[in-house]
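Letter by letter, the chains look like this.
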Amino acid sequence: MTSVKDFRIDKEPTAEDLGRGAFVFTDDYSVFDWGKMPDEIPQKGASLCTMGAYNFEVLEQNHIPTHYEGVAVPGEAVGADAERAVVDLSEALVAGVAPREMVISLTQVPDLPHDGADYDYDAYHEAAGENYLIPLEIVFRNTVPVGSSLRKRSEPAEHGLDYEEWPDEPVDLPEPIVEFSTKYEKQDRYLDREQADRIAGEADIDRLEELALSVDHILTEQAARSGFVHEDGKIECLYYQGEIHVADVVGTFDENRFSYDGQEVSKEVLRQYHKRTQPEWVEAVSEAKDAADERGVADWKSLCEREPEPLESAVIETARDLYCAGTNAYVGGDVFEAPDIETAVEAAREL
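Residues numbered from 1 in each chain as written. Predicted model: local features only at pLDDT ≥ 70, side-chain atom pairs only at ≥ 80, totals over all residues. Heavy atoms only, no water.

Asker: Hey, could you run me through the overall build of the protein chain in this one?
Answerer: Counting its regular elements, the protein chain contains ten helices and 15 strands. For 351 residues, the compact-globule estimate of 2.2 N^0.38 gives 20 Å, and the C-alpha radius of gyration of the protein chain, at 20 Å, lies within 12% of that figure. Out of the 351 residues belonging to the protein chain, those deemed buried represent 55%. At a minimum sequence separation of 6, the contacts of the protein chain that also span at least 24 residues come to 65%. (Helix = DSSP H or I, 4+ residues; strand = E, 2+ residues; numbered from the N terminus. Rg over C-alpha atoms; globule rule 2.2 N^0.38 Å. Buried < 20%, exposed > 50% of the residue type's maximum accessible area, 1.4 Å probe, protein only. Contact = heavy atoms within 4.5 Å.)

Asker: Teacher, can you tell me more about helix 1 (residues 44–61) here?
Answerer: Since the α-helix turns once every 3.6 residues, residues separated by three or four places project in the same direction. A rise of 1.5 Å per residue sets the reference length of helix 1, with its 18 residues, at 26 Å; its end C-alpha atoms lie 26 Å apart and thus fit the reference within 8%. Most of helix 1 is tucked away, with 15 of its 18 residues classed as buried. Where helix 1 ends, the next residue or the one after it, His 63, has phi of about 65°, a positive value. (Expected span 1.5 Å × (residues − 1).)

Asker: How should I be thinking about unusual backbone geometry in this particular structure?
Answerer: Note: most peptide bonds trans; most residues except glycine with negative phi. In this structure, Asp 33 is a non-glycine residue whose phi angle is positive, near 65°. Residue placement: Asp 33 occurs in the loop between strand 2 (19–25) and helix 1. Exposure remark for Asp 33: the relative accessible area of 48% places this residue in the partly exposed category. Even without a glycine there, the phi angle at Asp 261 is positive, about 55°. Considering the arrangement of structural elements, one finds Asp 261 in the loop between strand 14 (257–260) and strand 15 (263–264).

Asker: What is the right way to read the state of the cysteines from this model?
Answerer: Within this structure, the stated rule accounts for zero disulfides. Unpaired in terms of disulfides, Cys 49 finds its nearest cysteine sulfur in Cys 324, a separation of 13 Å. (Disulfide = S-S within 2.5 Å.)

Asker: For this particular structure, what's the right way to read helix 8 (residues 279–295)?
Answerer: The terminal C-alpha atoms of helix 8, which comprises 17 residues, lie 24 Å apart, in line with the 24 Å expected from a rise of 1.5 Å per residue. Those residues of helix 8 that sit buried are Trp 281, Val 282, Ala 284, Val 285, Ala 288, Lys 289, Ala 291 and Ala 292. Looking at the buried residues of helix 8, the elements they touch are helix 7 (268–277). Backbone geometry just downstream of helix 8 places Gly 296 in the positive-phi region, at approximately 70°.

Asker: Explain the pairing of strand 14 to me, please; I cannot follow it from the model alone.
Answerer: Successive side chains on a regular strand alternate, one facing one side of the sheet and the next facing the other. Side chains of strand 14 alternate between two faces, with Arg 257 and Ser 259 and Phe 258 and Tyr 260 buried alike. Of the strand pairs in this sheet, strand 12 (residues 229–240) and strand 14 are connected by three bridges, and their pairing is antiparallel. Across the sheet, His 230 pairs through a bridge with Phe 258, a residue of strand 14. The pairing of strand 14 with strand 15 spans two bridges and is antiparallel. Across the sheet, residue Tyr 260 finds its bridge partner in strand 15, namely Gln 263. (Pairing = 2+ DSSP bridges.)

Asker: Just checking my understanding: could you explain the packing of aromatic side chains for this structure?
Answerer: Each aromatic ring pair is characterised by the separation of its centres together with the angle its planes make. All chains considered together, the criterion is met by 16 aromatic pairs. Between the aromatic rings of Tyr 124 and Tyr 184, the centroid separation amounts to 6.5 Å while the plane-to-plane angle is 35°, which identifies the pairing as tilted. With Tyr 124 in helix 3 (residues 121–128) and Tyr 184 in the loop between strand 10 (171–182) and strand 11 (190–191), this pair connects stretches of sequence that are 60 residues apart. The exposure class of Tyr 124 is buried, given its relative accessible area of 0%. Here Tyr 184 falls in the partly exposed class, since its relative accessible area comes to 28%. Taking the centre distance of 5.3 Å and the plane angle of 70° together, the rings of Phe 228 and Tyr 260 count as edge-to-face. Placement of the pair is Phe 228 in the loop between helix 6 (205–225) and strand 12 and Tyr 260 in strand 14, with a sequence separation of 32 residues. (Phe/Tyr/Trp six-rings, centres within 6.5 Å; stacked < 30°, edge-to-face > 60°.)

Asker: Whenever I open this one, the domain arrangement of the protein chain confuses me. Can you help?
Answerer: Quoted interface sizes are often the accessible area lost when the parts come together. Under the domain assignment, the protein chain is made up of domain 1 (5–66 + 68–106 + 266–350) and domain 2 (114–249). Look at where the C-alpha atoms of domain 1 and domain 2 centre, and you get two points 19 Å apart. Taken together, the contact pairs 33 residues of domain 1 with 28 residues of domain 2. Summing both sides of the interface, domain 1 and domain 2 together bury roughly 2,400 Å²; the carbon and sulfur share of this comes to 62%. The largest contributions to the domain 1 side of the interface with domain 2 come from Pro 65, Ala 298 and Tyr 330, which together make up 24% of the buried area. Put simply, domain 1 and domain 2 have one salt bridge between them. Lys 5 is the partner of Asp 248 in a salt bridge, and the nearest nitrogen-oxygen pair spans 3.5 Å. Linking domain 1 to domain 2 there are eight residue pairs in polar contact (both at pLDDT 80 or more). Those elements that provide at least two residues to the side of domain 1 that touches domain 2 are strand 2, helix 1, helix 7, helix 8 and helix 9 (313–331). Among the elements that take part in the side of domain 1 that touches domain 2, helix 1 stands out by supplying six residues, more than any other. Split into classes, the residues belonging to the side of domain 1 that touches domain 2 amount to 18 nonpolar, eight polar and seven charged. (Domains from an automatic or database assignment. Buried area = accessible area lost by both parts, 1.4 Å probe. Salt bridge = Lys/Arg side-chain N within 4 Å of Asp/Glu carboxyl O. Polar contact = N/O pair within 3.5 Å; in protein donor to acceptor, adjacent residues only side chain to side chain. Nonpolar A, V, L, I, M, F, W, Y, C, P; charged D, E, K, R; others polar.)

Written as structure tokens, this is what we have:
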């Protein structure tokens, strides 16, 4: 399904009913929309699955509907007769299992026809009916980190900030802001509210914004309890018989940006590392995306003249420790054998 997690269907959704399936998290990583990068980060998949499951369970405790059903673990680990058992995260962790598989309800995802860069959302919704994945990403922002795309698309004054230009440091926003971007287009683009409302179909755009702000608030409070700052993130949602459910995966170090003691604790660490060590490749990616826009084609990657280089082993180890130590700190347990969060953060700061 994506470059960093696999997707399994156990029961197909229909026009009337949700199906069932699972995300199977891998140790792959992706930056700059490239897809699978040359290296793997050991235990990254289990880290993200653990953190994502933890957040879904917190959302459900706060009465936010989601598509989460539990984590899948070997049946023998939890005393079940079946080969595979679906349990709450806490039961998996008590059994000593850091899960890699998240069980979810499935909705329909129709094809999105396109001619070059023109996408036919009317056809998508005609096929979808009232049971579909909303083809939007709903982005929320609490701060504007140095690497945020918002700096390229707007001026500080537009967000109530008293700066003439963006400073070379993270900036806190007076209030969270919500933006909408495309999900299934070859190159994501931000949308105005009217465009987002049309692409959302039957789903109410005000309810999507309300959900995003609620999720943001809950994750921000959880992060603060663990010593993190929750900077920005996104949700994806499904629409089923008039109700919107939070879908995909929520609040992990890949989906969202977190910092700890002023240091990024997310895949932003790897993104910024590539900017420093492989600027030619990063520039080639940017040029390819611009060229694709100019030519009206969707496949920007075919226009990129460079490939990314592998990471050094020490960088992979630092990234692994950051994911594992960060997850331990966030969920409040020793799920992974890893240094404490302060040690992992200092190592990342020195990259």
